[in-house]
Amino acid sequence: MQGITWALIVIAVLIFSMIMVVLSRYRKCPSDKIMVIYGKVGSGKDGASLSSKCLHGGAAFIWPVIQDFQYLDLTPISINVDLTNALSRQNIRIDVPSRFTVGISTEPGVMQNAAERLLGLRMAEIQELAKDIIFGQLRLVIATMEIEEINTDRDKFLEAVSHNVESELKKIGLRLINVNVTDITDESGYIEALGKEAAARAINDAKRSVAEQNREGSIGQANAQRDERISVASANATAIDGENEAQAAIAQSNATRREREAEAQRRAIAAENIAKAKALEESYLAEKQAEESRAARELATQEADVIVKAKIEKQRMEIEAEAEAEVARRKAKGEADAIFATMEAQAKGTEAILLKQAAGLSEIVKAAGGNPQEAVNLIIADKIEELVKTQVEAISNVKFDKITVWDSGSGSNGKSSTAGFLSGLMGAVPPLSDTFKMAGMKVPSFLGTDAEEPKDAPETEE
């Protein structure tokens, strides 16, 4: 198990290492550089092996061992070219100080030339190489042109220089960005003489032009004065005619204005009176409508007060009646529920008592061996003390010290009158036998047989 774990760890480490190697060999090309991949990079369309592959922008995977890469910087290179003693077509030597701006080209074919010829060179070395090419081509262009063309037609000169220089720079992978020629001079002073000649010609042309302009100005001034006098006279005559006509037109206009003012005033007064009358009419009509509206509003207010109050009182009485009825219903229901609950509780209590008594009697009957008469005897034996006590309590409250008996003085059966009274009083108490008879029962035999009814006791008076 431990061996398998170590094997998995080793595999994981190898996979991680491979991933890191792959990531470290995946290179992105910045926008200001050209990435040149060299080594085994494949073959071209003709089947020949390529020496390198150039990439501007994007990214590529660099295979280890068989491939490597370097960058070519696209930063523009400024080169001062102070060309001296360049022989022109007229065999006149001139100096052409200029500044060229070049850079590595990003065109596919030219970029391949740069990879083959500039890779590994420092910026200064590239600058010197380009400078040599520019010197040669600049001399060649100057040799094919005359000084007048170079001095006067700078665009043609720059175009020829750009065409020749750029075609040669492309061979090593560069392109021409800008050309700036500052000044052109020569040792013989030919260009300076051309400048002086041109300046003198320009000055003479300017003087001639000024004289012509002065002449034309004098003639024009005289003609202008003549035309002015004629124009002024004509204008004065025309002005007088115009003033007369204007005054007549003004008078006619004033008359027309006064007529129109009078007509307008008349119309204004009439319109004002009509407007006042119409305003009064509209005012009266508005007051009438306002009074009618007020009367209708008052009537509606009174009706609303009476009817709304009556409706509100009716709804209030209906709500109160419904509330009282609901209270009475709930109260009656509550009382009925209370009575029902009370009666139900009493019935359950009575039922429980009777059930307990029945259970007790059943137990007594079982104790008497199932004989009901014996069960009754047991119950009577248990209650005999209470029965006797009840009979005795019947005369217990009699105050014998307050009783006076009047009789003839002779008692019967050897009894005194007082004894006879007491005997009669005890006889008035119902014996147990009578009580049992009224209940439909017999006195148990252990209490003796039925005794004779006592005789009437003598009358007593308090």
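Note that this is a predicted model, so its numbers are computed, not measured.

Considering the pairing of strand E3 (residues 52–55)
On a regular strand, one side chain projects to one face of the sheet and the next to the other, so that they alternate. Here E3 shows one buried face, formed by Ser-52 and Cys-54, and one open face, formed by Lys-53 and Leu-55. Inspection of the sheet shows strand E2 (residues 33–39) paired to E3 by four bridges, in the antiparallel sense. When the bridges of E3 are listed, Val-36 appears paired with Cys-54.

Topic: a nonpolar patch on the surface
A cluster of nonpolar side chains, namely Ile-4, Leu-8, Ile-11, Ile-15, Phe-16, Ile-19, Met-20 and Leu-23, defines an oily patch on the protein surface of about 810 Å² accessible area. For Met-20, the location among the structural elements is in helix H1 (residues 2–25). Judged by its relative accessible area of 41%, Met-20 is partly exposed.

Brief notes about helix H2 (residues 108–117)
Burial in H2 covers these residues: Val-110, Met-111, Gln-112, Ala-114 and Ala-115. Considering only its buried residues, H2 is in contact with E2, E3, strand E5 (67–73), strand E7 (93–104) and strand E8 (174–181).

Observations regarding the nonpolar core
Ile-94, Ile-142 and Phe-157 are the most contacted members of the largest nonpolar core, which has 40 residues in total. Mapped by element, the contributors of at least two residues to this core are E2, strand E6 (77–87), E7, H2, helix H3 (123–143), helix H4 (147–152), helix H5 (154–169) and E8. By residue number, the principal contributor to this core is H3, which donates seven residues. Sequence-distant contacts of Phe-157, that is, excluding residues within four places in its chain, are made with Val-96, Leu-138, Val-141, Ile-142, Met-145, Ile-150 and Val-181. Listed in part, the seven residues of the second largest apolar core include Met-35, Val-41, Ala-60 and Ile-62.

Some remarks on unusual backbone geometry
Glycine aside, negative phi is the norm for most residues, and most peptide bonds take the trans geometry. With a phi angle near 75°, Val-65 is a residue other than glycine that sits in the positive phi range. For Val-65, the location among the structural elements is in the loop between strand E4 (59–61) and E5. The phi dihedral of Asn-85 falls on the positive side, at around 55°, and the residue is not glycine. By secondary structure assignment, the location of Asn-85 is in strand E6.

What to know about the sheet that holds E3
The sheet built from three strands is open, its strands ordered E3-E2-E5 with antiparallel pairing. This sheet does not close on itself; its edge strands, each paired only once, are E3 and E5. If you compare each strand with its neighbour and ignore which way they point, the axes differ by 25° on average. Contacting E2, E3 and E5, H2 crosses the sheet at an angle of about 125° to E3.

Brief notes about H3
In this model, H3 (21 residues) spans 30 Å end to end at C-alpha, consistent with the 30 Å of a helix rising 1.5 Å per residue. Of all the residues in H3, the buried ones are Ile-126, Ala-130, Ile-133, Ile-134, Gln-137, Leu-138, Val-141 and Ile-142. Projection of H3 onto a plane perpendicular to its axis shows the buried side chains occupying an angular sector of 160°, all on one side. If you follow the buried residues of H3, they end up packed against E6, E7, H4, H5 and E8.

Observations regarding the confidence of the model for the chain
Looking at the chain, pLDDT values average 78 and 78% of them are 70 or higher. Between the elements of the chain, mean pLDDT differs from a low of 60, seen in helix H8 (residues 417–428), to a high of 90, seen in H3.

Calculation criteria
- Residues numbered from 1 in each chain as written.
- Predicted model: local features only at pLDDT ≥ 70, side-chain atom pairs only at ≥ 80, totals over all residues.
- Heavy atoms only, no water.
- Buried < 20%, exposed > 50% of the residue type's maximum accessible area, 1.4 Å probe, protein only.
- Helix = DSSP H or I, 4+ residues; strand = E, 2+ residues; numbered from the N terminus.
- Pairing = 2+ DSSP bridges.
- Patch = residues over 30% accessible without salt bridge, like charges linked within 9 Å, V, L, I, M, F, W, Y side chains within 5 Å.
- Areas by Shrake-Rupley, 256 points an atom, 1.4 Å probe, with all protein chains shown as cover.
- Salt bridge = Lys/Arg side-chain N within 4 Å of Asp/Glu carboxyl O.
- Contact = heavy atoms within 4.5 Å.
- Core = buried A, V, L, I, M, F, W, Y, C linked by side-chain atoms within 4.5 Å.
- Axes fitted to C-alpha atoms, helices over the stretch in contact; angles between N-to-C directions.
- Expected span 1.5 Å × (residues − 1).
- Arc of directions from axis to C-beta.
- pLDDT = per-residue confidence, 0-100.

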